[in-house]
Amino acid sequence: MLSLTQQNHFYQIFLCHGLGFGLATSMSYVPSLAIVSHHFKKRRAIAMSIVAGGTPAGAVAYTILLNNLLNGNLGFANSIRITAAANTVLLITGCALMRTRSLYSEKSQMPYSQLLRRSSADYPYIFASIGFLLYGAGAFFPMFYIQLDSSMHGLGKEFSFYTIVILNGGNFVGRATAGFIAACCGISNAVITATLSSGIVTFAMMTLSTRAGSATIGLFFGYFSGLYVALSAPLIESLTHDLSQLGARMGISLFMAGLGSLIGTPLAGALLGSDYSWWKPAVLCGCVSVAGTAMFATTQLILQHRKQAVSVTAP
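Below: a short report on this structure. Residue positions within a chain follow its written sequence, with the count starting from 1. Residues qualify for local features only when their pLDDT is at least 70, as the model is predicted, and side-chain atom pairs are given and counted only at 80 or more; totals for whole chains, interfaces and linings, by contrast, use all residues. Values reported for side chains reflect all heavy atoms of the structure, with hydrogen atoms and water molecules removed beforehand.

1. With respect to the overall build of the protein chain
Here is step 1 of the chain: Here a helix means four or more residues in a row that DSSP labels H or I, a strand means two or more in a row labelled E, and each is numbered from the N terminus. Scanning the protein chain from N- to C-terminus turns up 11 helices and zero strands.
Here is step 2 of the chain: Secondary structure elements of the protein chain, listed N to C terminal, follow the sequence α-α-α-α-α-α-α-α-α-α-α.
Here is step 3 of the chain: Our radius of gyration looks at C-alpha atoms and nothing else; its globule reference is 2.2 Å times the residue count to the power 0.38. Against the globule reference of 20 Å for 315 residues, the protein chain gives a C-alpha radius of gyration of 21 Å, in line with a compact fold.
Here is step 4 of the chain: Once the C-alpha set of the protein chain is aligned to its principal axes, its extents read approximately 70 × 45 × 35 Å.

2. Some details on helix 9 (residues 211–238)
Here is step 1 of the chain: Its 28 residues give helix 9 an end-to-end C-alpha distance of 40 Å, which sits within 8% of 40 Å, the value for a rise of 1.5 Å per residue.
Here is step 2 of the chain: The reported bend at a residue is simply the angle between two axes, fitted to the 7 residues ending at it and to the 7 residues beginning with it. Along helix 9, the sharpest change in direction is near 40° and occurs at Ser-232; proline Pro-234 comes one to four residues later. Helix span, as expected, comes to 1.5 Å for every residue beyond the first.

3. Description of the pattern of salt bridges
Here is step 1 of the chain: We define a salt bridge as a side-chain nitrogen of Lys or Arg found within 4 Å of a carboxyl oxygen belonging to Asp or Glu. By the definition in use, this model includes one salt bridge.
Here is step 2 of the chain: A salt bridge links Asp-122 to Arg-249, with the shortest nitrogen-to-oxygen separation between them at 2.9 Å. In this pair, Asp-122 sits in the loop between helix 5 (112–120) and helix 6 (123–152) while Arg-249 sits in helix 10 (residues 246–272), placing the two residues 127 residues apart along the sequence.

4. A closer look at the packing of aromatic side chains
Here is step 1 of the chain: Any two rings among Phe, Tyr and Trp, with Trp reduced to its six-membered ring, count as a pair given centres within 6.5 Å; such a pair is stacked if its planes are under 30 degrees apart, edge-to-face if over 60, and tilted if neither. Tallied over the entire structure, the rule returns 11 aromatic pairs.
Here is step 2 of the chain: With a centroid separation of 5.4 Å and an interplanar angle of 40°, the aromatic rings of Phe-141 and Tyr-145 are classed as tilted. Pair noted here: Phe-141 and Tyr-145 are both in helix 6, with a separation of four residues, about one helical turn. Across the pair, Tyr-145 and Phe-141 agree in class, each one buried.
Here is step 3 of the chain: Any Lys NZ or Arg CZ found within 6 Å of a ring centre and within 35 degrees of that ring's normal is scored as a charge over the ring. Its end group placed over the ring of Tyr-125, Arg-249 keeps NZ or CZ at 4.1 Å from the ring centre. The classification of residues rests on relative accessible area computed with a 1.4 Å probe and restricted to protein chains. Under 20% of the type maximum is buried, over 50% is exposed, and intermediate values are partly exposed.

5. Regarding the state of the cysteines
Here is step 1 of the chain: Disulfide assignment relies on a single distance test, namely cysteine sulfur atoms paired within 2.5 Å. Summed over the entire model, instances satisfying the criterion amount to zero disulfides.
Here is step 2 of the chain: For the unlinked cysteine Cys-185, the closest cysteine sulfur is that of Cys-184, found at 6.8 Å.
Here is step 3 of the chain: Unpaired in this structure, Cys-285 has its nearest cysteine sulfur neighbour in Cys-287, at a distance of 9.4 Å.

6. As for the environment of Leu-219
Here is step 1 of the chain: As for its position among the elements, Leu-219 is in helix 9.
Here is step 2 of the chain: For the pair Leu-219 and Val-165, spaced 54 residues apart in the sequence, the C-alpha separation amounts to 9.2 Å.
Here is step 3 of the chain: If we ignore the near neighbours within four places in the chain, the residues touching Leu-219 are Ile-166 and Gly-170. Residues are treated as being in contact if the distance between any of their heavy atoms lies within 4.5 Å.

Limitation: the analysis is restricted to geometry and does not speak to function.
Shown next as structure tokens:
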């Protein structure tokens, strides 16, 4: 549908790409990760992080592919159709390979309203969901604006294009290694470290002025944000005692993350303004990301307190 949009008709792009593509990706992302969790127990975090690593790997390949197609002789419409055909083949293959496992009987399924009531009384889950909201509000500023920042500082059109490739490359490494890092230091600790580090890197956006600085920011932000994204689902899984509720609880938490990005990214653009005051959105998004870290740290503290209370009362 994107290939059929007409010039100067923004509503067509919004409907097919903004609304349609957004709904499609959100409806496919959560079930894909939830299904993977059905088949693993001991190494569930590693398996889910490897699956999540497919996104930045595809982003690296598709960014370069689309750039070459769009700047070639095919034109916009045909370039989009080629990538759409490739996506269709890959999605059909993925859907054909996925299989769910029955973790519960139909009688044990909980009504959604009851699940919401129970989740609202689960304080570690509540603080984690607030963390997703806050971090989502601050995390997308470097992703969306690093190319523009590099271009506005005169770092070259070609290099500015490859900043997003560098970011996605770091994102892939972060997601691919997330499971192994979580196995060493714990999921919650890894998420806290990743969100705090990416928040600090976000502050560095206000200092971007050289190619080395731009590449460093893209690489490190990509790595730490990839680490966070890959461990988001395992974090929710670790806070879910009944795996039959995992898909619903993942949907709620990632809805909060999506809501944060819906608020934070336009606000960052408004703060940037026509005079390109890079320090304003960098400070805001960095602070909000660190606030998200505080929520994840609170989740960890509550869990540790409960664990200590159980060990004290145990005979």
